[in-house]
Amino acid sequence: MRHRWLYAWGLGSVALGAASLLVPLYVVALGGDPVALGLLAASAALLGTPGALLWGRVADRTADRRPVVVGSLVGVAASLAAIPLVESVTAVLALNALLWFVSAAGGPVLTLLVVADAPESEWSRRIAALNKYQGYGWAGGLVLGTAWLGVLAPRFASPLAARQWLFAVCGALAAVSAAAAAKWVPSVSPAAADLGRGQRRRVARLLSRTQRNAKTATFAFTPNRLYWTTLGIRPRRLVGRFTPRLTAYFLAVALFSTGFATFWAPLPAYLSTAGHGGDATFGLYLATSLASALCYGVVGELSDRFDVRLFQSAALGVRALAFPAVAVVGSAAGAVGLTANGGVFALLGVTWAVIAVTGTGLVTRLAPASLRGESLGVHAALVAASGGVGGLLGGWAAQFGYGVAFAVAGALVAAGAVVVAALRGLSTAGGSGVATAGSESGTD
């Protein structure tokens, strides 16, 4: 597939990948407390969710989809350029909300474009390519942050100035991405890109049964998957149709997804107080993302051999212990503490790979055949909503100590693990409904 605009989207993903951690670090540098970080994390999910749904529907009703993509990237560039110009935490929170609201516009439109001129037999490969460029770009943003704050930061007048200039670089990358998209993204007529209901369900299934990319290990809000998988939800149809076991699994998803966000929201402030600089923080996030990306294929194979229910609950149990362990190993000084934390963060990436890959398989098994598509949509929406709630909870709990916040996060994940382990009656091996390496992949 030769779509030059994939390079434009990948470059924009570099800017977003760096911004995903740079904004929290900037809030910390401005004196923001854990509550501010909780609000920051919650805004990405709670405002990005309607953004994903709104922009996808706007694109559906627009003859020319290119302006939606270009407008999204221009909005990202403008938001990133504006953030270093303000030194008010409240203003940064507002601009961050705008950033993730406008960034949500690109994914649904690009998915339409990537499948528009291809037979359905090619959709998996094309969506996988889109996913690859986004994933590589996001990881590249984390590498950029690590190198910038580690190598170039001493050349600036202050750590705050180094962060402000990195925002300028990210904004410039997004602007170049927008210019490239304006030139390369095709203008597609509705007749060429509109999909029927059955085809939309096919796209949603491809996006749900996916190897996740580097992004989702540390920033789990996925606007593209949320848009496509919620297209077919009809609330009246769902009332009273979920089985008790599926309802129980959704309860588990709400518990452990809230726990994940409770941990990640105040984490940048904790790492700062523990003596880790911005470069080390970027490096730890990168370790998690790369560890998960490297493990998706292996996990996909193992999930066909083992009891998926126990496989996921075991990974959740390990995560429940790892969250408070970050506060324990982080107390060690210097290189020892950083190395120990690096190991824990890599373990978090491995466990995320297990949870992400097995999650769709469990929903597919537990849902009635007639409700599988809608159940996947509910699952995506539940993860987004839980991320918002968990961000607020993490910021509030961290006021009583970071150890308290991480313990609360671990307890929520452990509770989710118990519920998953209690879901008996699932087949023990094979037919997991998840993608293995090189098969169906999707962009987030």
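Residues numbered from 1 in each chain as written. Predicted model: local features only at pLDDT ≥ 70, side-chain atom pairs only at ≥ 80, totals over all residues. Heavy atoms only, no water.

Colleague: Explanation requested: the overall build of the protein chain in the structure shown.
Modeller: Across its full length, the protein chain carries 18 helices and 0 strands. Looking at the protein chain residue by residue over its 444 residues, the buried ones come to 57%. Taking as baseline every contact in the protein chain between residues at least 6 positions apart, the subset at least 24 positions apart corresponds to 88%. Working note: accessible area of the protein chain is about 16200 Å², and carbon and sulfur atoms make up 66% of it. (Helix = DSSP H or I, 4+ residues; strand = E, 2+ residues; numbered from the N terminus. Buried < 20%, exposed > 50% of the residue type's maximum accessible area, 1.4 Å probe, protein only. Contact = heavy atoms within 4.5 Å. Areas by Shrake-Rupley, 256 points an atom, 1.4 Å probe, with all protein chains shown as cover.)

Colleague: I would appreciate a short explanation of the packing of helix α12 (residues 244–264) against helix α15 (residues 308–329) in the present structure.
Modeller: Each pair of packed helices can be described by the angle between their axes along with the distance between the axes. Interhelical geometry of α12 versus α15 gives an angle of 25° and a closest axis separation of 11 Å. Viewed along their axes, α12 and α15 adopt a mutual orientation that is roughly parallel. The element α12 and its partner α15 pack so that their crossing is left-handed. Within the contact between the two elements, α12 uses Tyr 249, Phe 256, Gly 259, Phe 260, Phe 263 and Trp 264 and α15 uses Gln 312, Leu 316, Arg 319, Phe 323 and Val 326. (Axes fitted to C-alpha atoms, helices over the stretch in contact; angles between N-to-C directions. Parallel < 35°, antiparallel > 145°, perpendicular 65-115°, else oblique. Left-handed = near helix turned anticlockwise from the far one by under 90°.)

Colleague: Is there a simple way to explain the nonpolar core in this structure?
Modeller: Note that soluble globular proteins tend to have their nonpolar side chains buried in a common cluster. Ranked by internal contacts, the top residues of the largest apolar core, which has 91 residues, are Tyr 249, Phe 256, Phe 260, Phe 263 and Leu 267. The element contributing the most residues to this core is helix α16 (residues 334–366), with 12 residues. Sequence-distant contacts of Leu 267, that is, excluding residues within four places in its chain, are made with Tyr 285, Val 326, Phe 345 and Phe 406. By size, the runner-up hydrophobic cluster in this structure holds 30 residues, among which are Leu 112, Val 114, Val 185 and Ala 204. (Core = buried A, V, L, I, M, F, W, Y, C linked by side-chain atoms within 4.5 Å.)

Colleague: How should I be thinking about the side chain of Asp 307 in this particular structure?
Modeller: Checked against the element boundaries, Asp 307 lands in the loop between α14 (278–302) and α15. A relative accessible area of 12% places Asp 307 in the buried class.

Colleague: Help me out: how do you make sense of a nonpolar patch on the surface in this one?
Modeller: Taken together, the side chains of Leu 39, Leu 46 and Leu 392 present a nonpolar region at the surface, about 250 Å² in accessible area. Mapped onto the fold, Leu 39 is located in helix α2 (residues 34–60). (Patch = residues over 30% accessible without salt bridge, like charges linked within 9 Å, V, L, I, M, F, W, Y side chains within 5 Å. Salt bridge = Lys/Arg side-chain N within 4 Å of Asp/Glu carboxyl O.)

Colleague: Looking at this structure, I do not really get the confidence of the model for the protein chain. What am I missing?
Modeller: Low-confidence regions, as indicated by low pLDDT, have predicted coordinates that should not be scrutinised in detail. Per-residue confidence for the protein chain averages 84 on the pLDDT scale, and 87% of its residues sit at or above 70. The spread of mean pLDDT over the elements of the protein chain runs between helix α8 (residues 190–193), the lowest at 48, and helix α18 (residues 402–421), the highest at 96. Within the model, pLDDT remains below 50 along residues 426–443, and this stretch shows 71 contacts once partners closer than five positions in the same chain are excluded. (pLDDT = per-residue confidence, 0-100.)

Colleague: Sorry, what's going on with the pattern of salt bridges here?
Modeller: A pair can form between side chains of opposite charge whenever their charged atoms are brought close. Counting across every chain of the model gives 1 salt bridge. For Asp 307, the salt bridge goes to Arg 309, with nearest N and O atoms at 3.4 Å. Each of the two residues, Asp 307 as well as Arg 309, counts as buried.

Colleague: It is not clear to me how the side chain of Ser 386 should be interpreted in this structure. Could you clarify?
Modeller: With respect to the helices, strands and loops of the structure, Ser 386 is situated in helix α17 (residues 372–397). Given a relative accessible area of 5%, Ser 386 falls into the buried group. Ser 386 has contacts with Ala 254, Ser 257, Thr 258 and Ala 261, leaving out every residue within four places of it along the chain.

Colleague: Can you help me understand α15 in this one?
Modeller: With 22 residues, α15 should cover 32 Å at 1.5 Å per step; its first-to-last C-alpha distance of 30 Å lies within 8% of that length. For α15, the set of buried residues is Val 308, Arg 309, Phe 311, Gln 312, Ser 313, Ala 315, Leu 316, Arg 319, Ala 320, Ala 322, Phe 323 and Val 326. (Expected span 1.5 Å × (residues − 1).)

Colleague: Quick question: what am I supposed to make of the packing of helix α1 (residues 5–29) against α14 here?
Modeller: Interhelical geometry of α1 versus α14 gives an angle of 140° and a closest axis separation of 11 Å. With respect to α14, the axis of α1 lies oblique. α1 and α14 meet at a crossing whose hand is right-handed. The segment α1 lies against α14, with Ala 18, Leu 21, Leu 22 and Leu 25 engaging Gly 278, Thr 281, Phe 282 and Tyr 285. Among the residues making up the contact of α1 with α14, the classes are represented as 6 nonpolar, 2 polar and no charged. (Nonpolar A, V, L, I, M, F, W, Y, C, P; charged D, E, K, R; others polar.)

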